Amino acid sequence: MIDLRSDTVTCPTDGMWNAMHKAAVGDDVFGEDLGLIALEEKVADLFGMEKGVFVPSGTMGNQIGLKVHTQPADEVIIDENAHIFHSEGAAAGLISGIQLRPLSGDRGVLNTTLVRSAIRNRNDWDPRTRVVALENSSNKGGGTCYPIHVMRELYQLTRERELALHLDGARIWNAAVATGTELREYGAVCDTISVCFSKGLGAPVGSMLLGKEKVIKKARRFRKILGGGMRQAGMLAAAASYALDHHFEKLEEDHRKAKKLAEAVAGSTCFHIDPDHVETNIVLFRVTRGTVDEALAWFESQDVAMIPFGGDTIRATFHFQISDQELETALRAVDSYKGE
Ligand SMILES: Cc1ncc(COP(=O)(O)O)c(C=O)c1O
């Protein structure tokens, strides 16, 4: 099956297994896993941030990111498409006792006009706006990216209003490649960033929260409280490090393939998409003839797996384990769908 359901479905390559096999390990709760310490230093340095803490998942990275900036009854400004809002089980309420304030951005991307108008006053009855949380690239937005100047403007606004800026950078790697932005430029405009190694980079497990030393010290404590303190995690760090060294450069190929699929979809009378909206590895398209279930069943019969993405929308996501030949099969499946 050609698995376009997600970029989380990749399996370790021989090279990655080899790196994991040779990993330096120790007990990371005691701060003794040299492989993990090296990865935290490497990624913090890539973003020009002071420190990093390795966590098991992007969800934990985001939730600790919110926790370190907030007190119960605070409010977080966020786009209505955000993963934190839709797909983290209302964890912000459960873990931090905070409220999310979803705004209607442009395919997952906010701007200063929207955010400024949502910052609360300081009356007794107002929730306290404390954090602006961005997602780059935006998953539900269709892999859309923030232009770095928009992030800079938002960061400036958060400085003026004494707010923290958290970035869900699960796919920041894709955004960096697609927009030609240096990772350090993102680091310069965020208080915390959660990055994932287990999406397009292709590591089996792992994310990292980045920020100032004081903030990450606090984060390490919350990670332990949440049960995310790992012991010999150096083998996971080795996979993440290998993924950074060998798979980061392949993301451009994923974007090229996603664009090709988008163009094929645009050429079909059974689907709707604006191929210009496809900026990275995610392709969202609407089914205009037949149903989503029928279209997915057709793709499956052609050996191509995609997922329903709400309403009449389907998502296809590219990763480095999809070959050009497999892309051709997916293109043929799109061309041959008749919607009856
Ligand atoms: C944008 C975004 N943020 C965070 C996450 C959460 O990552 P995890 O599944 O590792 O918890 C995902 C997962 O798909 C995501 O797409």
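Cut-offs and rules
Residues numbered from 1 in each chain as written. Predicted model: local features only at pLDDT ≥ 70, side-chain atom pairs only at ≥ 80, totals over all residues. Heavy atoms only, no water. Near = heavy atom within 4 Å. Polar contact = N/O pair within 3.5 Å; in protein donor to acceptor, adjacent residues only side chain to side chain. Helix = DSSP H or I, 4+ residues; strand = E, 2+ residues; numbered from the N terminus. Nonpolar A, V, L, I, M, F, W, Y, C, P; charged D, E, K, R; others polar. Domains from an automatic or database assignment. Contact = heavy atoms within 4.5 Å. Buried area = accessible area lost by both parts, 1.4 Å probe. Pairing = 2+ DSSP bridges. Axes fitted to C-alpha atoms, helices over the stretch in contact; angles between N-to-C directions. 1 Å grid on protein atoms, 1.4 Å probe; cavity = no way out; pocket = protein on both sides within 12 Å on 5 of 7 lines; lining within 4 Å. Points joined across faces, edges and corners; volume = space filled by probe spheres on them.

Draft legend 1. The site of the ligand, seen in detail. Near the ligand the following residues occur: Ser57, Gly58, Thr59, Asn62, His83, Glu88, Glu135, Asn139, Asp168, Ala170, Arg171 and Lys199. Note that an oxygen atom of the ligand is positioned 2.6 Å from one of the side-chain N or O atoms of Thr59. One of the side-chain nitrogen or oxygen atoms of Asn139 is found 3.0 Å away from an oxygen atom of the ligand. The dominant element in the shell around the ligand, judged by the number of residues it contributes, is helix H3 (residues 58-69), at 3 residues. Here the shell around the ligand is built from residues that sort into 1 nonpolar, 6 polar and 5 charged.

Draft legend 2. Layout of the domain arrangement of the chain. Assigned domains of the chain: these are domain 1 (2-6 + 250-336) and domain 2 (14-246). The C-alpha-based centres of domain 1 and domain 2 are spaced at 28 Å. On the domain 2 side, the residues contacting the 13 residues of domain 1 number 19 residues. Here domain 1 packs against domain 2, burying approximately 1,400 Å² in sum over the two surfaces, 55% of which is carbon and sulfur. Contact with domain 2 buries area across many residues of domain 1, yet Leu251, Glu279 and Ile282 alone supply 36% of it, more than any other trio.

Draft legend 3. Quick peek at the sheet that holds strand E9 (residues 271-272). The strand order E9-E10-E13-E12 describes an open sheet built from 4 strands, whose pairing is antiparallel. Since the sheet does not close on itself, it has two edges, and those belong to E9 and strand E12 (307-308), each with one partner. As paired strands, strand E10 (residues 282-287) and strand E13 (residues 313-317) are joined by 5 bridges and run antiparallel to one another. Across the sheet, the residue bridging to Phe285 is Ile314, located in E13. Contacting E9, E10 and E13, helix H12 (residues 251-266) crosses the sheet at an angle of about 15° to E10. On top of the sheet, helix H13 (residues 292-301) reaches E9, E10, E12 and E13; it is set at about 30° to E13, its chief contact.

Draft legend 4. Highlighting empty space enclosed by the protein. Taken as a whole and assessed by the stated rule, the structure comprises 1 cavity of 30 Å³ or more. What the largest cavity holds in volume is close to 60 Å³. Ile78, Asp79, Asn81, Ala82, Ile84, Gly108, Ala133, Leu134, Glu135, Ser138 and Asp168 are the residues that line the largest cavity. Mapped by element, the contributors of at least two residues to the lining of the largest cavity are strand E3 (74-79) and strand E5 (128-135). A per-element tally of the lining of the largest cavity places E5 first, with 3 residues. Looking at the lining of the largest cavity residue by residue, the class counts come to 5 nonpolar, 3 polar and 3 charged.

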